[in-house]
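# Fold and geometry: a report
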Amino acid sequence: MHVVIMGCGRVGSTLARSLEDRNHTVAVIDSDPDAFRRLGPAFNGDKVTGYGFDQQVLEKAGIKRADAFAAVSSGDNSNIIAARVARETFGIQQVVARIYDPGRAEVYQRLGITTVATVKWTADQVLRRILPAGAEPDFRDPSGTIRVDQVPVPEVWVGQRTIDFQMQTQCRIAWIDRLGEGMLPNRESVIQEGDLIHLVMREENAARAYKVIQNGPEESS
């Protein structure tokens, strides 16, 4: 892949080096040439001084042959403008913009621009660790319809088949963390003590699903 990155701060420089370590070609754009020092002497990609929403600057960075574009400067407005130019003018499908305002991030997410709201992400990570299970999902799709939750399995479900768990909770098990490894359940899989289940569910079904999980499996007649 060839990836164009706007912004050579901590996020941009780390992203650029990570991509290059994975053998992708990278071009980094920043209005401050001193910012390129963060890339280090081992960086072999292109360093382009300018603004990432300037079409000539983007072309100099190789946007016409790029597979992806990331706008991770410190300015929301600059990131969104640059992301829209990359997507709408140059037809780049893989576009990500860093947005500090979570409200605006949700708006642009709905327009098809993947957004990373830094403060919101950090707050969500903290919330998931201090609130009871089910209070805050690991992931929620932009429409707010589908969520993914990490669920430590109550003892009452140990020994039950995963297919029965899914049928009764009306959720799908995406995967299970078991003894430090991920596993994909099949029709014969059985829930074991210590399992951490990653559940996909509809938001409207979450309360009912957690009630079923806590109450345990229904007794077969």
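Look up a bit, the structure's there.
Residues numbered from 1 in each chain as written. Predicted model: local features only at pLDDT ≥ 70, side-chain atom pairs only at ≥ 80, totals over all residues. Heavy atoms only, no water.

### Concerning the overall build of the protein
Each helix and strand in the protein was counted, giving seven helices and 11 strands. Looking at the protein residue by residue over its 221 residues, the buried ones come to 40%. Residue pairs in contact within the protein that sit at least 24 positions apart in sequence constitute 54% of those at least 6 positions apart. In the form shown here, the protein has an accessible surface area of approximately 12800 Å², with 49% of it arising from carbon and sulfur atoms. (Helix = DSSP H or I, 4+ residues; strand = E, 2+ residues; numbered from the N terminus. Buried < 20%, exposed > 50% of the residue type's maximum accessible area, 1.4 Å probe, protein only. Contact = heavy atoms within 4.5 Å. Areas by Shrake-Rupley, 256 points an atom, 1.4 Å probe, with all protein chains shown as cover.)

### Quick look at the sheet that holds strand 1 (residues 2–6)
Read across the sheet, six strands follow the order 3-2-1-4-5-6 without closing on themselves; strand pairing throughout is parallel. A strand with exactly one partner marks an edge of an open sheet, and here the two such strands are strand 3 (46–49) and strand 6 (114–116). Recorded for the sheet is a direction-independent mean angle of 15 degrees between the axes of neighbouring strands. Helix 1 (residues 10–21) contacts strand 1, strand 2 (25–30), strand 4 (68–71) and strand 5 (94–98) of the sheet and is inclined by roughly 170 degrees relative to strand 1. Across the sheet, helix 3 (residues 76–89) touches strand 1, strand 4 and strand 5, and the angle it forms with strand 5 is around 175 degrees. (Pairing = 2+ DSSP bridges. Axes fitted to C-alpha atoms, helices over the stretch in contact; angles between N-to-C directions.)

### Some thoughts on the sheet that holds strand 8 (residues 146–152)
Reading across the sheet, the five strands line up as 7-8-11-9-10 and stay open at both edges, with antiparallel pairing between neighbours. Both edges of this open sheet fall to strand 7 (139–140) and strand 10 (181–183), since each of them pairs with a single strand only. Sheet topology places strand 7 next to strand 8; two bridges connect them, and they run antiparallel. Bridging from a neighbouring strand, Arg140 pairs with Arg147 of strand 8. Sheet strands in contact with helix 6 (residues 162–169) are strand 9 (172–178) and strand 11 (196–202), and its direction is about 135 degrees off that of strand 9.

### A look at the environment of Leu58
Relative to the helices and strands, Leu58 is located in helix 2 (residues 55–60). For Leu58, a relative accessible area of 0% gives the class buried. Once the C-alpha coordinates of Leu58 and Ala27 are considered, the two residues, 31 residues apart in sequence, prove to be 9.4 Å apart. The contacts of Leu58, once residues within four sequence positions are left out, are Val4, Ile29, Gly52, Ile63, Phe69, Val85 and Phe90.

### Topic: the packing of helix 6 against helix 7 (residues 206–215)
Running from N to C, helix 6 and helix 7 cross one another at 135 degrees; their axes reach a closest spacing of 9 Å. Judged by the inter-axis angle, helix 6 sits oblique to helix 7. Here Phe165, Gln168 and Thr169 of helix 6 lie close against helix 7, whose contacting residues are Arg208, Ala209, Val212 and Ile213. (Parallel < 35°, antiparallel > 145°, perpendicular 65-115°, else oblique.)

### A word on the side chain of Gln168
As for its position among the elements, Gln168 is in helix 6. For Gln168, a relative accessible area of 17% gives the class buried. Apart from the residues lying within four places of it in its own chain, the contact partners of Gln168 are Trp157, Arg208, Val212, Gly216, Pro217 and Glu218.

### Regarding unusual backbone geometry
The backbone phi angle of Asn23 is positive, close to 70 degrees, even though this residue is not glycine. Tracing the backbone shows Asn23 in the loop between helix 1 and strand 2. Take Asn23: its relative accessible area is 72%, and that puts it in the exposed class. Despite not being glycine, Gln170 has its phi angle at roughly 60 degrees, a positive value. Relative to the helices and strands, Gln170 is located in the loop between helix 6 and strand 9.

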